[in-house]
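Secondary and tertiary structure notes
Here is how the chains run, residue by residue.
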Amino acid sequence: MPYKDKINKEKLPRHIAIIMDGNGRWAMSKGKFRIFGHKNGVKAVREVSEACAEMGVKNLTLYAFSTENWSRPKAEVNALMELLVKTISSETKTLMKNDIRLNTIGNLKSLPISCQKELNEAMEKTASNKRMNLILALSYSSKWDIIRSIKSIAQQVKNGKIDIEDINEEMVTSELSTHKWPHPELLIRTSGEHRISNFLLWEIAYSEFYFTTTLWPDFTKEDLYKAIIDYQQRERRFGKTSEQITTDENYS
Ligand code: IPE
Ligand code: IPE
Ligand code: MG
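As a starting point, this report considers the structure included with it. (Residues numbered from 1 in each chain as written. Chains lettered and ligands numbered in written order. Predicted model: local features only at pLDDT ≥ 70, side-chain atom pairs only at ≥ 80, totals over all residues. Heavy atoms only, no water.)

**A look at the nonpolar core**
The line we're drawing: Joining through side-chain atoms within 4.5 Å is the link that ties buried Ala, Val, Leu, Ile, Met, Phe, Trp, Tyr and Cys residues into a set, and such a set is a nonpolar core. The cut-offs for exposure are 20% and 50% of the maximum accessible area for each residue type, with area from a 1.4 Å probe on protein chains only; residues under the lower value are buried, those over the upper are exposed, and the others partly exposed.
Formed by 45 residues in total, the largest nonpolar core has its most connected members in Ile16, Ile18, Leu60, Leu102, Ile188 and Leu224. Core analysis: the next-biggest nonpolar cluster, separate from the first, contains 13 residues, Ala17, Trp181, Ile196 and Leu200 among them.

**A word on the packing of helix α3 (residues 34-55) against helix α4 (residues 74-97)**
Note the cut-off: The axes are straight lines fitted to the C-alpha atoms, using for helices just the contacting stretch, and the angles between their N-to-C directions are given from 0 to 180°. Here a strand is any run of E in DSSP of at least two residues, a helix any run of H or I of at least four, and the numbering for each starts at the N terminus. Roughly parallel means an angle under 35 degrees; roughly antiparallel, over 145; roughly perpendicular, 65 to 115; everything else is oblique. Handedness of a crossing follows from how the near helix is turned relative to the far one, being left-handed for an anticlockwise turn of less than a right angle and right-handed for a clockwise one. Only heavy atoms enter the contact rule, under which two residues are in contact if any of them lie within 4.5 Å.
For the pair α3 and α4, the least separation of the axes is 10 Å and the interaxial angle reads 30°. Classified by the interaxial angle, the pair formed by α3 and α4 is roughly parallel. Note on packing geometry: the crossing formed by α3 with α4 is right-handed. Contacts between α3 and α4 involve Arg34, Ile35, His38, Lys39, Val42 and Arg46 on the former and, on the latter, Glu76, Ala79, Leu80, Leu83, Thr87 and Glu91.

**Some points on the sheet that holds strand β5 (residues 186-189)**
The criterion, for reference: Note on pairing: DSSP must find at least two bridges between two strands before they are called paired.
With respect to topology, six strands assemble into an open sheet ordered β3-β4-β2-β1-β5-β6, the strand pairing being parallel. In this open sheet, the two strands that pair with only one neighbour each are β3 (100-105) and β6 (208-211). Recorded for the sheet is a direction-independent mean angle of 20° between the axes of neighbouring strands. Bridge analysis of β3 against strand β4 (residues 132-140) gives six bridges, and the strand direction is parallel. Bridge pairing in β4 places Thr104 opposite Leu136. Those strands touched by helix α8 (residues 221-232) are β1 (15-19), β5 and β6, and its axis lies near 135° from that of β5.

**Remarks on the pairing of β1**
Successive side chains on a regular strand alternate, one facing one side of the sheet and the next facing the other. β1 sits mainly inside the fold: five of its five residues count as buried. Of the two faces of β1, the one carrying His15, Ala17 and Ile19 and the one carrying Ile16 and Ile18 are both buried. Bridge analysis of β1 against β5 gives four bridges, and the strand direction is parallel. When the bridges of β5 are listed, Ile16 appears paired with Leu186.

Structural data, given as structure tokens:
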């Protein structure tokens, strides 16, 4: 049976987050420069976005550039920014065709003006698309976002709008840039690394993790289906005992 047919449509994650890793190693293994790997990673982005939209996954967050990635060699950073501008401008048509809305999280203001412009145009153009949210994490780090949330809450306390005792989980969540979407049920990282690298620390408190040694440019729809099947075989307990868990609870 093809992997796709093994997926239970009733138990799809509402939100999948992916740490797209391994572009550099993929290129080096072919005797090419790292940027060749980034260019080939775009195809995997297209595949995965399309597969999620086709299946009915409503939200897909892709970690494309971290705050820490600014420390890479200048030539690589510049090439990545250039690739981002080109990709956004060439892919907007496909987003429209597939009814996908583009969103971003991260410190957009730190990106080159040309990137900001391309992103803002694409976000505006796709704003009423309904099938799926594609959320690109750009110049993003979770600690950066959590600090923003803390500052905003502290300001509200200072202004006398809320009492310090009112601060709760919902409030912290609502001040994060991810507040519009449910937290990811499934987090995938490619390339064999087993770490989070400052991605969605708050939001993945109860996510299921899936690690694969596949390098990002080689990641296909089939790999995504495998990850979803693996996820669907897990029991999500949220602190309860196995006996307390009903099927309904397991995937909501
Ligand atoms: C992921 O691939 C893409 C970005 C972080 C921009 P890497 O560039 O990290 O590739 P490796 O991990 O060095 O192979
Ligand atoms: C994480 O990958 C960031 C992105 C995929 C954008 P890195 O390759 O930068 O992570 P580390 O440095 O190996 O942890
Ligand atoms: Mg890497």
